Amino acid sequence: MTPATRTTADAHGDVVVLLIGMRVNHFWAVHQWMPVMLAMFRMLAELKKDPGRGLLSRVLLTASPRTYYVVQYWESKEKLYAYASAPDAFHHRAWAKVNRLEKGGKVRGHVGIWHEAYVVPEGSYEAVYGDMPAFGLAAAHGQIPLAERGRYAKDRYAYRSEQKA
């Protein structure tokens, strides 16, 4: 039997996390919520094709049969802002359409959309993975043996990247 391996994320400095998702308010209104879901997949494909935009990693999740979301890890808040407002990005066109529909009274509440963005300062996050491939924060920043950051959570929270030399 292989001994258990524990790892942590090799993140340095601040970590930028975006939670973005949708809620299906009316299942029968597929023509309303399906384009929203497909738009998210299109944006993720666009970001994967152009790593310079700053998306490091993402995890697709569901909170219920109605709610779907993506946890995204970004290189910096500046790159996140730049993508959100880039005129050449699909996100810009998608939001322009949403705004036109809203202004024209065409949004009927069949689908909800939301996002939350966080900039988490170094010393305010830690991660532990037991017998896991790189996932979440570790998929975004790399994965290292847990011992490199400390056996206890207090040690991992105390870690500062400038200590690494």
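Definitions and cut-offs
Residues numbered from 1 in each chain as written. Predicted model: local features only at pLDDT ≥ 70, side-chain atom pairs only at ≥ 80, totals over all residues. Heavy atoms only, no water. Salt bridge = Lys/Arg side-chain N within 4 Å of Asp/Glu carboxyl O. Helix = DSSP H or I, 4+ residues; strand = E, 2+ residues; numbered from the N terminus. Buried < 20%, exposed > 50% of the residue type's maximum accessible area, 1.4 Å probe, protein only. Pairing = 2+ DSSP bridges. pLDDT = per-residue confidence, 0-100. Axes fitted to C-alpha atoms, helices over the stretch in contact; angles between N-to-C directions. Parallel < 35°, antiparallel > 145°, perpendicular 65-115°, else oblique. Contact = heavy atoms within 4.5 Å. Nonpolar A, V, L, I, M, F, W, Y, C, P; charged D, E, K, R; others polar.

1. Description of the pattern of salt bridges
Within the structure shown, the criterion is met by six salt bridges. For Asp-10, the salt bridge is made with Arg-149, and the minimal N-O distance between the two is 2.8 Å. Of this pair, Asp-10 sits in the loop between strand 1 (6–9) and strand 2 (15–24) while Arg-149 is found in the loop between strand 7 (143–145) and helix 5 (153–158), placing the two residues 139 residues apart along the sequence. For the pair formed by Asp-10 and Arg-149, the shared burial category is buried.

2. Some points on the sheet that holds strand 6 (residues 129–130)
Spatially, 6-1-7 is the arrangement adopted by the three strands of the open sheet, whose pairing is antiparallel. A strand with exactly one partner marks an edge of an open sheet, and here the two such strands are strand 6 and strand 7. Pairing analysis gives two bridges linking strand 1 to strand 6, with the strands arranged antiparallel. Of the residues in strand 6, the one forming a bridge with Arg-6 is Gly-130.

3. Concerning the pairing of strand 2
Counting buried residues along strand 2, nine of its 10 residues qualify, which places the element largely inside the surrounding structure. Across 10 bridges, strand 2 lies against strand 5 (residues 111–120) in antiparallel orientation. Looking at strand 5, one finds that Met-22 is bridged to Ile-113. Pairing between strand 2 and strand 4 (residues 67–74): eight bridges, direction antiparallel. Bridging from a neighbouring strand, Val-17 pairs with Tyr-73 of strand 4.

4. A few points about the confidence of the model for the protein
Chain-level pLDDT for the protein is 92 on average; 96% of the residues reach the 70-or-more range. Within the protein, helix 3 (residues 90–103) has the poorest average pLDDT of any element, 89, and strand 4 the best, 98.

5. Focus: the packing of helix 1 (residues 30–49) against helix 3
Two numbers describe a pair of packed helices, the interaxial angle and the distance between the axes. Two elements in contact, helix 1 and helix 3, have axes whose closest approach is 9 Å; the angle formed by their N-to-C orientations is 160°. Classed by the angle they form, the pair helix 1 and helix 3 counts as roughly antiparallel. Judged by residue contacts, Ala-39, Arg-42, Met-43 and Glu-46 of helix 1 engage Phe-90, His-91, Arg-93 and Ala-94 from helix 3. Considered class by class, the residues forming the contact of helix 1 with helix 3 number four nonpolar, one polar and three charged.

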